[in-house]
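Residues per chain, in single letters:
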Protein chains: 2
Amino acid sequence: MAMATPSRRLARTDWARAALAAIADSGLAGVAVEPLARRLGTTKGSFYWHFTNREALIEAALDLWEQEHTEAVIVRVDREPDPLQRLRLLLTTAIMLAQEDVIDAAVLASGNHPLVAPVLTRVTERRVGYLAGLFRRLGFSPAQARDRGLLAYTAYLGHTQLIQAGLSIAPAHGAGLRRYVDRLLGITTAPE
Amino acid sequence: MAMATPSRRLARTDWARAALAAIADSGLAGVAVEPLARRLGTTKGSFYWHFTNREALIEAALDLWEQEHTEAVIVRVDREPDPLQRLRLLLTTAIMLAQEDVIDAAVLASGNHPLVAPVLTRVTERRVGYLAGLFRRLGFSPAQARDRGLLAYTAYLGHTQLIQAGLSIAPAHGAGLRRYVDRLLGITTAPE
DNA sequence: GTACCTCCGTACGGTGCCGTATGGTCGAGA
DNA sequence: TCTCGACCATACGGCACCGTACGGAGGTAC
């Protein structure tokens, strides 16, 4: 927790990452300058050098999230050539990531906040769009593919919610997760 | 907004309902004694007569939510005898309710808060249990019924998220919603 | 009408955070 | 070594909220 200080001086990105971590475990309200400064072993003097105010920090943190938490998974999954296998890989890794890092759920939780809403909209449309593209490659019509992509994404979102809420009834790993993903796949790829 | 004052004196329940409304549009952080007092046209003097502190108010509000926002829907739906029709009715009304009243999503958003977590766990298990019961009555085995209830519930949760986030891609009413529910039903009730 | 009980108004101290002001430190380069 | 600019520490004022103390208003009972 008390992060080591390899280089004494901090950069803008360090603050943004710390803010993202704060969102993950306390929500947007957790992004407070003075507590973050304590956590980083520095003071507000540093913060107000790099940022004009708290709002700018939140924006930077959300930018980071948008860039890293969607494209990273897509790139990582895109190397699998078979679309069905890729879909399975995507769902599995997404669910496992959502379990070990709750930042996704935390951002969603503040989805109605004016700073979060536009970012969240972009990310959601990117993700649903990517899913729909996979279903297209499985042979579904554009409308069908979009519907199924949407359904798969809502199932993912809801599952993430359950995990983050600490519900033991949601399978989060191992055989339970594999069976869950299999069922989700079988269900969403079945012909109408 | 400036609510009329039919009876000058307030009761504990008035505060709890106001707190629930505050959660709905500002999250847990929106439950602040002095702003609520202003909103109710009274002062802190009233509040600290009825409650020992802010925490007690949050608990009362969550109690209210637990009692009214789950059982009410179940009771209302339970009069439909046919299980498949009841499932359809349940999903449709739940999604429509989630759209006109965001309290459900707001509570979920604070699911990791120590005061919210236990309530949320109970509510989730009650809902998934009820759904599983419906799938049982449709002829599925206990394990199958639970899995399908879980899937239906995660889809509902995710869909709620999307609506609350203001995503236009999520069908929220009319033909789009009917088609969405039909697909969800067809999918979750299909034999394996 | 007076004693009492329920409920509320008001004033106060305390805390945690935001943002500003200003001086200090430290390394890079002339 | 001196200077300069990037970066940070510290102190301060202000605000919003929590919780307490206490003095009432208004109804009820007799």
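In this text, all values refer to a predicted model and were calculated from it rather than measured experimentally.

The rules behind each value
- Residues numbered from 1 in each chain as written.
- Chains lettered and ligands numbered in written order.
- Predicted model: local features only at pLDDT ≥ 70, side-chain atom pairs only at ≥ 80, totals over all residues.
- Heavy atoms only, no water.
- Near = heavy atom within 4 Å.
- Polar contact = N/O pair within 3.5 Å; in protein donor to acceptor, adjacent residues only side chain to side chain.
- Helix = DSSP H or I, 4+ residues; strand = E, 2+ residues; numbered from the N terminus.
- Nonpolar A, V, L, I, M, F, W, Y, C, P; charged D, E, K, R; others polar.
- Buried < 20%, exposed > 50% of the residue type's maximum accessible area, 1.4 Å probe, protein only.
- Contact = heavy atoms within 4.5 Å.
- Buried area = accessible area lost by both parts, 1.4 Å probe.
- Salt bridge = Lys/Arg side-chain N within 4 Å of Asp/Glu carboxyl O.
- Core = buried A, V, L, I, M, F, W, Y, C linked by side-chain atoms within 4.5 Å.
- 1 Å grid on protein atoms, 1.4 Å probe; cavity = no way out; pocket = protein on both sides within 12 Å on 5 of 7 lines; lining within 4 Å.
- Points joined across faces, edges and corners; volume = space filled by probe spheres on them.

Take the protein's contact with DNA strand D next. In the vicinity of DNA strand D, 19 residues are found, and the nearest of them are Leu10(A), Thr42(A), Thr43(A), Glu34(B) and Lys44(B). Counting only the atoms of DNA strand D within 4 Å of the protein, the fraction contributed by sugar and phosphate is 60%. Within the side chain of Thr42(A), an N or O atom sits 2.5 Å from a phosphate oxygen of DNA strand D. Here a phosphate oxygen of DNA strand D sits 2.8 Å away from a polar atom, N or O, in the side chain of Thr43(A). Those elements giving two or more residues to the surface near DNA strand D turn out to be helix H3 (44–50) of chain A together with helix H2 (33–40) and helix H3 (44–50) of chain B. If one sorts the elements of the surface near DNA strand D by residue count, H3(A) sits on top with 5 residues. In terms of residue class, the surface near DNA strand D is made up of 7 nonpolar, 6 polar and 6 charged.

Okay, the environment of Gln161(A) next. Turning to its location among the elements, Gln161(A) is positioned in helix H9 (residues 142–164). On the basis of relative accessibility, which here comes to 6%, the residue Gln161(A) falls in the buried class. Sequence-wise, Gln161(A) and Leu36(A) are 125 residues apart; in three dimensions their C-alpha atoms are separated by 26 Å. In this structure Gln161(A) touches Leu108(B), Leu157(B) and Gln161(B), once residues within four positions along its chain are discounted.

This next bit is on the interface of chain A and chain B. Listed by partner, the interface residues are 34 residues for chain A and 34 residues for chain B. In terms of surface lost to chain B, no three residues of chain A exceed Gln161(A), Ile169(A) and Arg183(A), which account for 19% of the buried area on that side. A salt bridge links Asp147(B) to Arg179(A), with the nearest nitrogen and oxygen atoms 3.6 Å apart. Every element with two or more residues in the side of chain A that touches chain B is listed here: helix H7 (103–109), helix H8 (117–137), H9 and helix H10 (174–189) of chain A. Each residue belonging to the side of chain A that touches chain B can be placed in one class, and the counts come to 18 nonpolar, 10 polar and 6 charged.

Before going further, it helps to examine the nonpolar core. Ranked by size, the top nonpolar core spans 138 residues in total, and within it Ile23(A) and Ile23(B) carry the most contacts. Contacts of Ile23(A), omitting those with residues within four sequence positions, involve Leu28(A), Val31(A), Ala61(A), Ile103(A), Ala106(A) and Val107(A).

This part is about empty space enclosed by the protein. In the structure shown here, the tally under the stated rule is 2 cavities of 30 Å³ or more. By volume, the largest cavity is sized at about 40 Å³. In terms of lining, the largest cavity is formed by Trp65(B), Asp104(B), Leu108(B), Leu120(B), Val123(B), Thr124(B), Arg127(B) and Tyr153(B). Of all elements in the fold, only helix H7 (103–109) and helix H8 (117–137) of chain B reach the threshold of two or more residues within the lining of the largest cavity. Of all the elements, H8(B) adds the most residues to the lining of the largest cavity, at 4 residues. Residues of the lining of the largest cavity, tallied by class, amount to 5 nonpolar, 1 polar and 2 charged. Looking at the second largest cavity, the residues that line it are Leu151(A), Ala155(A), Leu184(A), Ile187(A), Leu151(B), Ala155(B), Leu184(B) and Ile187(B). Class assignment of the residues belonging to the lining of the second largest cavity gives a composition of 8 nonpolar, no polar and no charged.

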